[in-house]
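Residue-level structural notes
Next come the chains, spelled out residue by residue.
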Amino acid sequence: MFEYAPSPESVRPQIKEHYGLFIGGEFVDAEDGAVFKSVNPSTEEALFTVAEAGEADVRLAVAAARRAQETVWGPMSGTERGKYLFRIARLLQERAREFAVAESLDNGKPIKETRDFDVPTAAQHFFYHAGWADKLAYAGLGADPRPLGVIGQVIPWNFPLLMLSWKIAPALACGNTVVLKPAETTPLTALMFAELCQEADLPPGVVNILPGAGATGAALVGSPVDKVAFTGSTAVGRAIAKSIAGSKKKLTLELGGKAANIVFDDAPIDQAVEGIVNGIFFNQGHVCCAGSRLLVQESVADDVLERLKARIATLRVGDPLDKNTDIGAINSAEQLSRIQALTETGTGEGAEAWQPACDLPERGFWFRPTVFTGVQQSMRIAKEEIFGPVLSVLTFRTPDEAIAKANNTPYGLSAGVWTEKGSKILWAAERLRAGVVWANTFNQFDAASPFGGLKESGYGREGGRQGLEAYLDV
Ligand code: NDP
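Notes on the structure follow. (Residues numbered from 1 in each chain as written. Predicted model: local features only at pLDDT ≥ 70, side-chain atom pairs only at ≥ 80, totals over all residues. Heavy atoms only, no water.)

Details of the overall build of the protein chain
Operational definition: Only DSSP runs of H or I with at least four residues qualify as helices, and only runs of E with at least two residues qualify as strands; both kinds are numbered from the N terminus onward. In this treatment the radius of gyration is a C-alpha quantity, and the globule benchmark scales as 2.2 Å times the residue count to the 0.38 power. Working definition: with a 1.4 Å probe on protein chains only, accessible area under 20% of the residue-type maximum means buried, over 50% means exposed, and in between means partly exposed. All accessible-area figures derive from a Shrake-Rupley calculation using a 1.4 Å probe, and residue coverage is judged against the displayed protein chains alone.
Secondary structure assignment for the protein chain yields 15 helices and 20 strands. The C-alpha radius of gyration computed for the protein chain amounts to 22 Å, which stays within 12% of the reference 23 Å derived for 474 residues, consistent with globular compactness. Each of the three principal axes of the protein chain carries a C-alpha extent, and together these read 65 × 50 × 35 Å. When the 474 residues of the protein chain are sorted by exposure, 59% land in the buried category. Just so you have it, the protein chain exposes about 18,400 Å², and 50% of that area is on carbon and sulfur atoms.

Some words on the pairing of strand S4 (residues 35-40)
Inclusion rule: Here a strand pair is declared whenever DSSP counts at least two bridges between the two strands.
Every second residue of S4 is oriented toward a common face, the buried set being Phe 36, Ser 38 and Asn 40 and the non-buried set Val 35, Lys 37 and Val 39. Where S4 and strand S5 (residues 45-51) come together, six bridges link them in antiparallel fashion. Within S5, the residue paired with Asn 40 across the bridge is Glu 45. The hairpin turn running from S4 into S5, its antiparallel successor, is four residues long, and Glu 44 in that turn takes a positive phi close to 65°.

Section: unusual backbone geometry
Unlike most non-glycine residues, Asp 201 shows phi in positive territory, near 60°. Within the secondary structure, Asp 201 sits in the loop between helix H6 (188-199) and strand S9 (207-209). Owing to a relative accessible area of 56%, Asp 201 belongs among the exposed residues under this scheme. Its identity is not glycine, yet Asn 440 carries a phi of approximately 55°, on the positive side. Its relative accessible area of 24% is what places Asn 440 among the partly exposed residues.

Some words on the state of the cysteines
Our working rule: Count a disulfide wherever a pair of cysteine sulfur atoms falls within 2.5 Å.
Applying the stated rule across the entire model yields zero disulfides. The structure places no disulfide on Cys 174, whose sulfur is separated from the nearest cysteine sulfur, that of Cys 197, by 17 Å. Free cysteine: Cys 289, not disulfide-bonded; nearest cysteine sulfur from Cys 288 at 4.7 Å.

What about the site of the ligand?
The condition that has to hold: Whether a residue is near a molecule or strand depends on its heavy atoms: it is near if one of them lies within 4 Å of it. We call two N or O atoms a polar contact when they sit within 3.5 Å, provided that within protein one can donate a hydrogen and the other can accept it, with sequence-adjacent residues counted only if both atoms are side-chain atoms. Under the scheme applied, nonpolar residues are Ala, Val, Leu, Ile, Met, Phe, Trp, Tyr, Cys and Pro; charged residues are Asp, Glu, Lys and Arg; polar residues are all the others, including Gly.
In the vicinity of the ligand there are 26 residues, among which Ile 155, Trp 157, Glu 184, Ser 233 and Arg 338 approach most closely. Taking Glu 184, its main chain carries an N or O atom lying 2.7 Å from an oxygen atom of the ligand. One of the backbone N or O atoms of Leu 255 is found 2.9 Å from a nitrogen atom in the ligand. Within the complex, 85% of the 840 Å² of free accessible area of the ligand lies under protein. Contributions of two or more residues to the shell around the ligand are made by helix H7 (214-222), strand S10 (227-231), helix H8 (234-244) and helix H11 (333-348). Taken together, the residues of the shell around the ligand sort by class into 13 nonpolar, nine polar and four charged.

Quick word on the sheet that holds strand S1 (residues 18-19)
Pairing within the open sheet is mixed, and its three strands lie in the order S1-S5-S4. Strands at the two margins of the open sheet, each flanked by one partner only, are S1 and S4.

What to know about helix H3 (residues 96-107)
Quick reminder of the rule: Here the expected length of a helix is defined as 1.5 Å per residue gap, with one fewer gap than residues. Contact criterion: two residues are considered in contact whenever any of their non-hydrogen atoms come within 4.5 Å of each other.
Between its terminal C-alpha atoms H3 stretches 16 Å, which fits the 16 Å expected from twelve residues at 1.5 Å a residue. Counting buried positions along H3 yields nine of twelve residues, so the element is predominantly enclosed. Every buried residue belonging to H3 is among Phe 99, Ala 100, Val 101, Ala 102, Glu 103, Ser 104, Leu 105, Asp 106 and Asn 107, and all of these are buried. Buried residues belonging to H3 abut S4, S5, helix H2 (78-94), helix H4 (111-132), helix H5 (160-173) and H6. Just past H3, the residue Gly 108 takes up positive phi, approximately 100°.

A closer look at the environment of Gly 416
Here Gly 416 lies in strand S17 (residues 414-418). On the accessibility criterion, Gly 416 (0% relative accessible area) is buried. Separated by 13 residues in sequence, Gly 416 and Ala 429 place their C-alpha atoms 8.9 Å apart. Beyond its immediate stretch of four places on either side in the chain, Gly 416 contacts Ala 260, Asn 261, Ile 262, Trp 438 and Phe 442.

Focus: the environment of Gln 153
Position of Gln 153 among the secondary structure elements: in strand S7 (residues 150-154). The exposure class of Gln 153 is buried, given its relative accessible area of 0%. With 78 residues separating them in the primary sequence, Gln 153 and Thr 231 have C-alpha atoms 8.4 Å apart. Setting aside chain neighbours within four positions, we find Gln 153 in contact with Lys 167, Ile 168, Ala 171, Val 178, Val 179, Leu 180, Lys 181, Leu 220, Ala 229 and Tyr 471. A polar contact of 3.2 Å, which involves the side chain of Gln 153, links it to the side chain of Tyr 471.

Quick notes on the packing of aromatic side chains
Cut-off, in case you're wondering: Classification of ring pairs uses Phe, Tyr and Trp, with its six-membered ring standing for Trp, and accepts pairs whose centres are within 6.5 Å; under 30 degrees between planes counts as stacked, over 60 as edge-to-face, and the remaining range as tilted. Lysine and arginine charges are scored as sitting over a ring when NZ or CZ, respectively, is within 6 Å of the ring centre and within 35 degrees of the ring normal.
Under the criterion given, the structure shown has 16 aromatic pairs. Relative to Phe 127, the ring of Phe 86 has its centre 6.2 Å away and its plane inclined at 50°; by these criteria the two rings are tilted. In this pair, Phe 86 sits in helix H2 while Phe 127 sits in helix H4, placing the two residues 41 residues apart along the sequence. Judged by its relative accessible area of 31%, Phe 86 is partly exposed. For the pair Phe 117 and Phe 159, a centre-to-centre distance of 6.1 Å together with 75° between the ring planes defines the contact as edge-to-face. Taken together, the residues span a long stretch of sequence, with Phe 117 in helix H4 and Phe 159 in the loop between S7 and H5 at a distance of 42 residues. In this pair, the class of Phe 117 matches that of Phe 159, namely buried. In textbook terms, an aromatic cluster arises when at least three aromatic residues are bridged by ring pairs, as seen for Phe 117, Phe 159, Trp 166, Phe 282, Trp 438, Phe 442, Phe 445 and Phe 451. Note that Lys 16 overlies the ring of Phe 27, its terminal NZ or CZ placed 5.7 Å from the centroid. One cation-aromatic arrangement involves Arg 316 over Tyr 4; the distance from NZ or CZ to the ring centre is 3.8 Å.

Structural data, given as structure tokens:
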């Protein structure tokens, strides 16, 4: 094995000491003056302070969005709206490196992921939806689909810029205006995106960004918006659905998951091992569709596990800004303690934990990649979303048993199938209760491909032609 010398990213983005709320095209402080800090999870150092939006600020932002929707953005032709979205997409590409470094600093994820995945995919969402803006009448959703109005959007901390683009690009393409609340621990790239909206000359009020915590999200959900789009935990998604039941607000929910990644005995094992690693260790496992339950056919289980452990032992954990880093920091102290607590229940319930020998930095929030064997379906580590770099391995003997175990979960977001037989892929995909099924690959995303869940993983689709429907009155 080669030893890698450190290869730290040399560019540092211009991060301001303080950011305001972005309302009506301007940065303003909160009405009550509240502020909070955003911390770099790999060093625990404060990066900047930011205004925290309260109910009064939510009212102002929704009013600004309403004005912009009724007077400028709604009446504008799709062709003109598309030009703005193309401009945003191009500006994101131009400033890609700056956004990638900023995301790694605020979130803790490795630079190679922000550089090669988060930022390019976010730009792709704007390019893709820019193309739809003047073609909505041909999307198969009726001859004259109308915007819904003002959209309230609440996003999590695992893909801050990407989730922003999944939410804002389709909403704007369809003629809506938005008020978006980024997660408390990762507001930076949303605030930089607000600056980019100014640079693109986007009409004031079309995009409004309100940093804050859960209370800000709840205030936004309770405000007079026409639709709520939420990505986050099933518990909060359920509370939101309850709180707006009976109102005229539309709702889409993209919630948690506990995906099965199924390896049949005829799978190309080395390729499957790469897919297992990508499935659970990409983004520190902070992924709603992570392949967190490995279901491996008993006859190849020993071989798969041996090669998997050898591969995991080569993963480099550490400085997110080092270009060789595979696994960065856990996003927050709270998330780290959640992962630790759930992992302890695994050992407590009798599963066997394995971790590679690797040094962790002294400061910051870190967790070693972990593989649990001897896992039973009844254990918490097999049932609950850990949202960290922790894989639970279960075995099966027959294809029917694999499907039964894969579907034995309240979630239904994604699944993976590894086999050399196309017929087995189709057979499994038909039976798996999941919104997305990947075959001989994992964690593939494209703006043209709809994404979303079944059961407690939520409802509504994001991306593709299907994703437009959630932002149109059809
Ligand atoms: P949450 O669901 O609490 O957070 C998602 C977003 O919702 C954040 O912006 C959050 O604000 C906001 N929010 C929190 N409470 C409310 C509320 N009552 N009304 C409206 N918005 C609200 O997830 P957490 O960050 O707390 O993570 C907890 C667990 O959730 C994780 O361990 C993981 O298992 C799961 N999770 C799943 C995600 C997914 O994509 N499936 C994404 C994130 C988490 P704030 O940032 O202040 O909390």
